[in-house]
Amino acid sequence: MGRLTTHVLDTAAGRPAVGVKLVLSRIGDGVPAVLAEATTNFDGRLDRPLLDGTAFAPGRYEIMFHVGDYFRKSGAGLLEPAFLDLVPLRFGIVEDTHYHVPLLVSPYAYSTYRGS
């Protein structure tokens with residue numbers, strides 16, 4: 001059965017991003033429906049998948065990464081308003097398989113990819 005996992009790496013500091021809040025929503029024909037909220041652990045990962053089991057279904061999703069709060073707590077010296085505060089990542093799920101959607105982030109840039 002399919003599952004959705006993620007992790008967050010602080011590329012400016014060269015380490016896992018600990019304590020980043022994530023909110024997963026399903027994007028439909030109206031208001032996004034929040035499915036899960038989680039916070040990254042000591043390894044920048046989640047303790048369990050964001051989506052799995054019977055909740056895992058094809059469709060459009062968004063993970064909202066609360067990176068501004070993370071960088072403020074880490075002492076990154078952000079100017080206000082922060083250049084990156086909330087990073088929304090929208091993607092589609094088609095297959096019943098493992099989707100890994102990591103975020104590599106610094107105070108001024110981010111990238112992602114479909115991992116394994």
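Below or above, wherever it landed, is the structure these notes cover. Each chain has its residues counted from 1, following the order in which its sequence is written. pLDDT decides what is reported in this predicted model: residues at 70 or higher carry local features, side-chain atom pairs at 80 or more are listed and counted, and totals for whole chains, interfaces and linings draw on all residues regardless. The basis for the side-chain values is all heavy atoms of the structure; hydrogens and waters are excluded.

## Quick notes on the nonpolar core
1) Next: L4, L24, L50, I63, F65, V67 and F91 are the most contacted members of the largest nonpolar core, which totals 28 residues.
2) Next: Secondary structure elements follow DSSP: runs of H or I no shorter than four residues count as helices, runs of E no shorter than two count as strands, and numbering proceeds from the N terminus. If you list the elements that add at least two residues to this core, you get β4 (21-27), β7 (59-66), α1 (67-74), β8 (86-93) and β10 (103-106).
3) Next: The greatest single-element share of this core, amounting to 4 residues, is contributed by β8.
4) Next: In this description, contact between two residues means that some pair of their heavy atoms is separated by no more than 4.5 Å. Setting aside chain neighbours within four positions, we find F65 in contact with T6, V8, K21, L22, D85, L86, V87, L89, V101 and L103. As used in this record, nonpolar core signifies buried Ala, Val, Leu, Ile, Met, Phe, Trp, Tyr and Cys residues forming a set joined through side-chain atoms within 4.5 Å. Only protein chains enter the calculation, and the probe is 1.4 Å; a residue is then buried if its accessible area is under 20% of its type maximum, exposed if over 50%, and partly exposed in between.

## With respect to the pairing of strand β5 (residues 33-39)
1) Next: Here the rule is simple: two strands pair whenever DSSP picks up at least two bridges between them. Note that β4 and β5 share 6 bridges and pair antiparallel. Bridge pairing links R26 to A33 in β5.
2) Next: What sits between the antiparallel neighbours β4 and β5 is a turn of 5 residues.

## Details of unusual backbone geometry
1) Next: Following E80, the chain continues to P81 via a peptide bond in cis, the omega torsion being 0°.
2) Next: Mapping P81 onto the fold places it in the loop between α1 and β8.

## Brief notes about the packing of aromatic side chains
1) Next: Centres within 6.5 Å make a pair out of two Phe, Tyr or Trp rings, where for Trp the six-membered ring is used; the pair is then stacked when the planes are under 30 degrees apart, edge-to-face when over 60, and tilted otherwise. Going through the model one piece at a time under the given rule, you end up with 4 aromatic pairs.
2) Next: A ring pair is formed by F56 and Y99, whose centres lie 6.1 Å apart and whose planes are at 40°; its orientation type is tilted. Of the two residues, F56 is situated in the loop between β6 (51-52) and β7 and Y99 in strand β9 (residues 98-100); the sequence distance between them amounts to 43 residues. In this pair, the class of F56 matches that of Y99, namely buried.
3) Next: Consider the rings of Y70 and F71, whose centres lie 4.9 Å apart with planes at 65°: the pair is edge-to-face.

## Focus on the pattern of salt bridges
Once the charged atoms of two side chains with opposite charge are near each other, the side chains can pair.
1) Next: Between Lys or Arg on one side and Asp or Glu on the other, a salt bridge is scored when a side-chain nitrogen of the former is within 4 Å of a carboxyl oxygen of the latter. The full count for this structure, using the stated rule, is 7 salt bridges.
2) Next: Two residues, E62 and R90, come together in a salt bridge whose shortest N-O distance is 2.8 Å. Note that E62 is positioned in strand β7 and R90 in strand β8, a separation of 28 residues in sequence.
3) Next: Note on E62: relative accessible area 10%, which makes it buried.
4) Next: Look at the salt bridges and you will find they share partners, linking D69, R72, E80 and D85 into a network.

## Section: the pairing of strand β11 (residues 109-112)
On any regular strand, side chains alternate: one points to one face of the sheet, the next to the other face.
1) Next: Bridge count for β10 against β11 is 4 bridges, and the pairing is antiparallel. By the bridge assignment, L104 is partnered in β11 with S111.

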